[in-house]
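This is what each chain is made of:
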Amino acid sequence: AHNKRGGGSPTTGYLLNGDVADRGEDASEILMITLMYKLLYPDNVMINRGNHENLEMNRRALEHGGGFFDECKRKYDATIFMMFQQLFEIFPLATVVSKRVFVVHGGLFRRDGVLVQHIRTINRRRQCPTSTEAIEDALMFDCMWADPQDFPGVSRAAHRGANCIRFGPDVTKRFLGNNSLSLCIRSHEVPNSLRGFEDRHDGRLITVFTASNYCGQTGNYGAVVIFHSDMSYTVEEHMAPPIEVLVQEYRRSGMASTPARSEQALKTVSSSEMNQSKDKMVGDIQDKLRQKIVQHKDDLWWYWMQVDTQSTGLVPAAIWRQGMASALQLELPWFNIQKTMVSVDKDGMVNYKKFLDSVNLDVEVTGFEEGWENKVVLKFYESLLRSDLTLKQTLDMFDQDGDGKVSPLEFKQALACAEADLPEAQVNAILRVIDRDANGMLNVSDFLDRFQVVYSLASGGGIKMDEATRNLLGLVGRKLLGTRSRVDTFKKMDLNGDGYIDESEFVAAMNSLKMAELTPQQSKKLWQVVDVNGDGHLNYFEFAQAFDVVDTSASGEKAMKGIVDSILASLQKNQMTLAFAFRYFDPKGEGRVLREDFKAGLRALNASQKGSHSVTDAQLEVLVDYMDSDKDGNIDYQEFLDCFSRTGSTRTSSSSNDGAPVPPKRSSQSHQM
């Protein structure tokens, strides 16, 4: 439209319907060009305010619908960004064209009886409200965020976020009738048809989306609405060529004052380029789906476990699909997705345990010192070591009903008794990889052995010692344990039955092995090594730490990966919240904050999750320690956050007039590619 009719002029007006600060790397330049036209023709260039003309949206990362703050920080500074925010607050919330057409970015209202005068008097010199209880706040919010629906009334639009609504054709009809208007034009979303426009509500409402191939991958057409002097209108669709083609065309035109649109340029949008865009979109969707699966592993595991009563790890393919739809709360073609994500055996069964193990976050966390994952896992086990329980107390803690077996509930209760404060997601990560019987139970001795495996792996082999001592301790352990469990071995070594092993009992056990290489001096040295805290006795967990069990099933590695993934999934899911918290402490937009401020941001996330946190306070301390690798007291939070992102046909309206005025007539020349 701009190329065909030129820029703004005394006879041609332009109305941009919001989201001038949406995703994209050149929003500031586009906005400034538009403002220059506004200065030249102040009465004929207008810009409505969209939901993206808002501080909270702009400070989000690009992949979360923002990016404008990062663009301004990269090109200018935080002061310029805040000046843009002041400008956005001046933009009108809606515009009425020739007293007949209401143009608004989002949509209409949850409140009845709204008049244009109400919109005109809203205090808009502020950010978009976060609450919609007050009528003025609700009207302002709906102007920027509401979407249409095909059925009557008002409903919640959960996919948009808190407070967002959908409005039906009855709402549109009443609003237009009450205000003597005939048409509502709004934007805010790509039409499902991937056309540049979409008729809704019996022709009384049109969605117009100008950005073609949105975000470079959607494959949609864009459109503009052109009103003529008699208020009939034409909808013109377009598919913008790649930016490289536009640059070439601009240079070839010799910077003419009114360049004509190049048909050759439009033809260069080949089918292969569109296929590349679609492939990128599919890849992005798959990445997002994997993130959702990791975030909901507990729900998926629980859903399938209830069907898999024999703990086989298998469920029917139909149950796999139902579980995905239920846990992820997504209406997707799961039958087709199933073909790309899992194998179905000859009996129609899916191995859901193998599936859950295979889906992990592909996140390379930068800015951390090496070994942070192990330290995070160790923080939990250290709390158990410090509990210093006798063997009987340990067994009673894990086997509270005394049946000799550990159930998932008993495991969780045991951690609570030990004040381990391990979040539910991390507990489930361990339980998922510990094989149990058909009733979900495991012999308490076997359970403790497998439980210890995770700790041993995280600690890099347990206690720190020289290689010769480690080899000797390994030989001693294999001979000491033999075919017995560690619980039975511990009981045999505990001669006085007090639930601990003291130095004399340890030395007596060493002597009973009758190993030539195990001298009294070596036995004493081994005691000094295994009695890490020097309190003169070993509790069961200290004993288990000293004598590792070989992890033949790789369950320890899987559990460690599950624990770390649960932490990363929580951080990734709340990346936007963390960014907002960190940037609160960084008003200049330098991308760095003090160590204590970084910690405060992480703690605020934990507090906001109200009991469903995924990281303990002790683990948060580890994250902060390993982020401040140069120990200068400052942390590059931007680097930390970035690592989570490397992921028309002609139609004339009905002439019937049953309340609202008839919409203006659309020109028969509407569909131009």
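Data block above holds the structure.
Residues numbered from 1 in each chain as written. Predicted model: local features only at pLDDT ≥ 70, side-chain atom pairs only at ≥ 80, totals over all residues. Heavy atoms only, no water.

1. A few points about the overall build of the protein chain
(1) Moving on: Assigned secondary structure in the protein chain consists of 30 helices and 20 strands.
(2) Moving on: The 673 residues of the protein chain split such that 49% are buried.
(3) Moving on: Carbon and sulfur atoms form 52% of the exposed surface of the protein chain, whose accessible area is close to 32300 Å². (Helix = DSSP H or I, 4+ residues; strand = E, 2+ residues; numbered from the N terminus. Buried < 20%, exposed > 50% of the residue type's maximum accessible area, 1.4 Å probe, protein only. Areas by Shrake-Rupley, 256 points an atom, 1.4 Å probe, with all protein chains shown as cover.)

2. A few points about the pattern of salt bridges
One side chain can pair with another of opposite charge once the charged atoms of both are near each other.
(1) Moving on: Within this structure, the stated rule accounts for 18 salt bridges.
(2) Moving on: Note that E29 and K75 form a salt bridge whose closest N and O atoms lie 2.8 Å from each other. Here the residue E29 occupies a position in helix α2 (residues 27-40), and K75 occupies one in helix α4 (residues 68-75), the gap between them amounting to 46 residues.
(3) Moving on: When its relative accessible area of 32% is taken as the criterion, E29 is described as partly exposed. (Salt bridge = Lys/Arg side-chain N within 4 Å of Asp/Glu carboxyl O.)

3. Brief notes about unusual backbone geometry
Excluding glycine, most residues fall at negative phi; most peptide bonds, likewise, are trans.
(1) Moving on: Its identity is not glycine, yet H188 carries a phi of approximately 75°, on the positive side.
(2) Moving on: With respect to the element layout, H188 can be found in the loop between β8 (183-186) and β9 (197-200).
(3) Moving on: The phi dihedral of L194 is positive, around 65°, even though this residue is not glycine.
(4) Moving on: Here L194 shows up in the loop between β8 and β9.
(5) Moving on: Judged by its relative accessible area of 32%, L194 is partly exposed.

4. Some details on the sheet that holds strand β3 (residues 94-97)
(1) Moving on: Within the open sheet, the five strands sit side by side as β3-β4-β8-β10-β9. Their pairing is mixed. Of all strands in the sheet, those with a lone pairing partner are β3 and β9, marking the two edges. Strand after strand, the sheet turns through a mean of 20° between neighbouring axes, direction not considered. (Pairing = 2+ DSSP bridges. Axes fitted to C-alpha atoms, helices over the stretch in contact; angles between N-to-C directions.)

5. Concerning the nonpolar core
(1) Moving on: Core analysis: the largest hydrophobic core is formed by 32 residues, its most contacted members being V476, F506, M510, L518 and L526.
(2) Moving on: Going through the elements one at a time, α17 (391-398), α18 (408-417), α21 (467-481), α22 (486-493), α23 (503-512), α24 (520-530) and α25 (540-546) are the ones with two or more residues in this core.
(3) Moving on: The contacts of L518, once residues within four sequence positions are left out, are L472, V476, M510, L513, S523 and L526.
(4) Moving on: Counting 29 residues, the second-largest nonpolar core is a separate cluster that includes I119, C143, L176 and C184. (Core = buried A, V, L, I, M, F, W, Y, C linked by side-chain atoms within 4.5 Å. Contact = heavy atoms within 4.5 Å.)

6. Remarks on the side chain of S187
(1) Moving on: Topologically, S187 is positioned in the loop between β8 and β9.
(2) Moving on: For S187, a relative accessible area of 9% puts it in the buried group.
(3) Moving on: In terms of polar contacts, S187 uses its side chain to reach the backbone carbonyl oxygen of V208, at 2.9 Å.
(4) Moving on: Not counting the four nearest positions on each side in its chain, S187 is found in contact with N17, V104, H105, T207 and V208. (Polar contact = N/O pair within 3.5 Å; in protein donor to acceptor, adjacent residues only side chain to side chain.)

7. What to know about the environment of T172
(1) Moving on: Positionally, T172 belongs in helix α8 (residues 169-178).
(2) Moving on: The class of T172 is buried, set by a relative accessible area of 0%.
(3) Moving on: For T172 and S182, which are ten residues apart along the polypeptide, the C-alpha to C-alpha distance reads 10.0 Å.
(4) Moving on: Ignoring any residue separated from it by four or fewer positions in sequence, one finds T172 in contact with L108, F167, H201, R204 and L205.

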